[in-house]
Amino acid sequence: MPSPKGIKRVGVSMRVELHKRGPFQSSQQEVYLAVMRTASVLGVVFDRFLKGHGLSQGGYNVLRILRAAGAQGCLCNQIGEHRVAHVPDVTRLVSRLERAGLCVRVRSEQDRRGVCVRLTPAGEALLARLDEPMLDLHREQLRTLKAGESAELLRLLSLCRDGAKEQSQGQG
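Residues numbered from 1 in each chain as written. Predicted model: local features only at pLDDT ≥ 70, side-chain atom pairs only at ≥ 80, totals over all residues. Heavy atoms only, no water.

Undergrad: Sorry, what's going on with the overall build of the chain here?
TA: The helix and strand inventory of the chain stands at seven helices and three strands. In sequence order, the chain lays out its α and β elements as α-α-α-β-α-α-β-β-α-α. In terms of overall size, the chain is more extended than a compact globule, its C-alpha atoms giving a radius of gyration of 20 Å where 172 residues would be expected to give roughly 16 Å. Expressed as lengths along the three principal axes of its C-alpha atoms, the size of the chain is roughly 60 × 40 × 30 Å. With 172 residues in all, the chain has 24% of them scored as buried. If you take every contact in the chain between residues at least 6 apart in sequence, the share linking residues at least 24 apart comes to 44%. Accessible surface, the chain: about 12500 Å² in total, of which carbon and sulfur atoms supply 56%. Side-chain charges in the chain split into 27 positive and 17 negative, and the spacing between the mean points of these groups amounts to 5 Å. (Helix = DSSP H or I, 4+ residues; strand = E, 2+ residues; numbered from the N terminus. Rg over C-alpha atoms; globule rule 2.2 N^0.38 Å. Buried < 20%, exposed > 50% of the residue type's maximum accessible area, 1.4 Å probe, protein only. Contact = heavy atoms within 4.5 Å. Areas by Shrake-Rupley, 256 points an atom, 1.4 Å probe, with all protein chains shown as cover. Lys, Arg positive; Asp, Glu negative; His and termini not counted. Charge placed at Lys NZ, Arg CZ, Asp CG, Glu CD.)

Structure below.
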């Protein structure tokens, strides 16, 4: 089926990029693979940059969550709820960051059974050093999108996440 007038199809380049011979089985399959491929391509640069600072994307995300939580910190399960990407073992990730001196664990004052995680001054300093370079990476990687295109992409990705959340809650 031809594309509507004025809309550029990107499926051909996805097929080429993935070395796929035939068409995708559905537009949803093509979109899913395009989102996953895009996340992978964008993530490679961040992985390399963060590795140079002794961090993974998951570790960086945890540090950002702890910074946002402030002096009170947050429980491990709260970290899991606020993460950008699924991390199967938050406790192990926190242990790694703790060994690096970037966070500390203390007994929760509200719930003695819980362990609260807080950012250390070293963790705060590392994030402060990374803030501007990370913004520069975002700007550089997504420089080809105009402001309106960025807003539209955000809207569409939000719709995708909402649908996926509905599906995962229905299967729980």
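Undergrad: Sorry if this is basic, but what is going on with the packing of helix H3 (residues 57-69) against helix H5 (residues 90-99) here?
TA: Packed helices, taken two at a time, are described by the angle their axes make and the gap between the axes. Close contact between H3 and H5 brings their axes to 10 Å; oriented N to C, the two are set at 80°. The pairing of H3 with H5 is recorded here as roughly perpendicular in orientation. Contacts from Gly58, Gly59, Val62 and Leu63 in H3 reach Leu93, Val94 and Leu97 in H5. In terms of residue class, the contact of H3 with H5 is made up of five nonpolar, two polar and no charged. (Axes fitted to C-alpha atoms, helices over the stretch in contact; angles between N-to-C directions. Parallel < 35°, antiparallel > 145°, perpendicular 65-115°, else oblique. Nonpolar A, V, L, I, M, F, W, Y, C, P; charged D, E, K, R; others polar.)

Undergrad: Which parts of the structure should I look at to understand the pairing of strand E3 (residues 115-119)?
TA: Regular strands place side chains that alternate from one sheet face to the opposite one. Two elements, strand E1 (residues 74-75) and E3, share two bridges in a ladder whose sense is antiparallel. Pairing of Cys74 across the sheet is with Val117, part of E3. (Pairing = 2+ DSSP bridges.)

Undergrad: So what exactly am I meant to see when it comes to the pattern of salt bridges here?
TA: Should their charged atoms come close, side chains of opposite charge can pair. Counted according to the given criterion, the structure contains eight salt bridges. Of the charged contacts, one joins Asp136 and Arg139 as a salt bridge, the two residues approaching to 2.9 Å between their closest N and O atoms. Pair noted here: Asp136 and Arg139 are both in helix H6 (residues 121-141), with a separation of three residues, about one helical turn. The partly exposed category is assigned to Asp136, whose relative accessible area is 39%. Of the charged contacts, one joins Arg143 and Glu140 as a salt bridge, the two residues approaching to 3.1 Å between their closest N and O atoms. It is possible to trace a salt-bridge network through shared partners that takes in Glu132, Asp136 and Arg139. (Salt bridge = Lys/Arg side-chain N within 4 Å of Asp/Glu carboxyl O.)

Undergrad: When you look at a nonpolar patch on the surface in this model, what are you seeing that I'm missing?
TA: Residues Val31, Tyr32, Val35 and Met36 make up a contiguous nonpolar surface patch of about 370 Å² in total accessible area. With respect to the secondary-structure elements, Val35 resides in helix H2 (residues 27-51). For Val35, a relative accessible area of 37% gives the class partly exposed. (Patch = residues over 30% accessible without salt bridge, like charges linked within 9 Å, V, L, I, M, F, W, Y side chains within 5 Å.)

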